[in-house]
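# Structure at a glance
Listed here are the chains, written in short residue letters.
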Amino acid sequence: MSEYIRLKVRGYHLDQHGYLNYLSIMQVLEEARWALFDTNNAVDFFTQREQALTLVNTNINYRRPGMLNEVLEIHTKVMCIGTASCRMEQTIYLDGSNEVIAQAEHTFVLMDKIARTAIPIAGEARKKLEQLANAG
């Protein structure tokens, strides 16, 4: 399943060419992930356990520039939950169309915030990630 948010491209999102810049794309993707986490109470869930989903890899494929005042629709979904990491996909669409601005794939590990080490994705943490995978 996929969850999505909408966001309007503002002037401060643009680079010198008038296109949605790399940093803004990263922030838009981050905002959409946080929306998924908020909707499913994941931040509080992991915080209470002194755990955090930690981004360890991001790959982005750019399809076309985002422009001033366009409204973007950012779809976010958990795709694969392994024993040591999980994979999330995000697609940025021009709102109201199938036109893709960018596609991203992220890999996360579950971190023990006290020990500062990656830990296996098991038990309640796995169930929470499965809930995120079925959100939307």
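Description of the structure in this document. (Residues numbered from 1 in each chain as written. Predicted model: local features only at pLDDT ≥ 70, side-chain atom pairs only at ≥ 80, totals over all residues. Heavy atoms only, no water.)

Now for the packing of aromatic side chains. By the definition in use, this model includes 2 aromatic pairs. Plain terms: the ring middles of tryptophan 34 and phenylalanine 37 are 6.4 Å apart, the flat faces sit at 70° to each other, and that makes the pair edge-to-face. Separated by 3 residues within a single helix, tryptophan 34 and phenylalanine 37 lie in helix α1 (residues 22-39), roughly one turn from each other. Judged by its relative accessible area of 38%, tryptophan 34 is partly exposed. Centre to centre, the rings of phenylalanine 45 and phenylalanine 46 are 5.0 Å apart; their planes meet at 85°, and the pair counts as edge-to-face. Grouping residues by exposure puts phenylalanine 45 and phenylalanine 46 together as buried. (Phe/Tyr/Trp six-rings, centres within 6.5 Å; stacked < 30°, edge-to-face > 60°. Helix = DSSP H or I, 4+ residues; strand = E, 2+ residues; numbered from the N terminus. Buried < 20%, exposed > 50% of the residue type's maximum accessible area, 1.4 Å probe, protein only.)

Another aspect to go through is the nonpolar core. The biggest cluster of nonpolar side chains holds 18 residues, and the ones touching the most others in it are Phe46, Leu53, Val78, Ile81, Leu129 and Leu132. Those elements that provide at least two residues to this core are α1, α2 (42-48), β3 (71-81), β4 (86-94), β5 (100-112) and α3 (123-133). If you tally residues by element for this core, the top one is α3, at 4 residues. Ignoring sequence-local partners within four residues, the contact set of phenylalanine 46 consists of Gln51, Ala52, Leu53, Leu110, Ala125, Lys128 and Leu129. Leu72, Ile74, Ile101 and Ala104 belong to the second-largest nonpolar core, a separate cluster that totals 16 residues. (Core = buried A, V, L, I, M, F, W, Y, C linked by side-chain atoms within 4.5 Å. Contact = heavy atoms within 4.5 Å.)

Moving on: α1. Here α1 contains 18 residues, and its C-alpha end-to-end distance of 26 Å stays within 8% of the 26 Å for a straight helix at 1.5 Å per residue. Within α1, the full set of buried residues consists of Ser24, Ile25, Val28, Leu29, Ala32, Arg33, Ala35, Leu36 and Phe37. Capping the start of α1, asparagine 21 holds a side-chain oxygen 3.1 Å from the backbone nitrogen of leucine 23, two or three residues further along. (Expected span 1.5 Å × (residues − 1). Polar contact = N/O pair within 3.5 Å; in protein donor to acceptor, adjacent residues only side chain to side chain.)

Note that glutamate 73 resides in strand β3. For glutamate 73, a relative accessible area of 13% translates into the label buried. Each C-alpha atom of the pair glutamate 73 and serine 97 lies 9.2 Å from the other, and the pair is 24 residues apart in sequence. Within the structure, glutamate 73 has its side chain in polar contact with the side chain of histidine 75 (distance 2.6 Å).

Below, the discussion takes up the pattern of salt bridges. Under the criterion given, the structure shown has 9 salt bridges. Ionic pairing is found between arginine 6 and glutamate 73, a salt bridge with its closest N-O pair at 3.0 Å. Here glutamate 73 lies in strand β3 and arginine 6 lies in strand β1 (residues 3-8), a separation of 67 residues in the sequence. Between arginine 6 and aspartate 95 there is a salt bridge, with its nearest N and O atoms 2.8 Å apart. With arginine 6 in strand β1 and aspartate 95 in the loop between β4 and β5, the pair connects residues that are 89 residues apart, well separated along the chain. Look at aspartate 95 and you get partly exposed, because its relative accessible area is 29%. Salt bridges here are not isolated pairs; linked through shared partners, they connect Arg6, Glu73 and Asp95. (Salt bridge = Lys/Arg side-chain N within 4 Å of Asp/Glu carboxyl O.)

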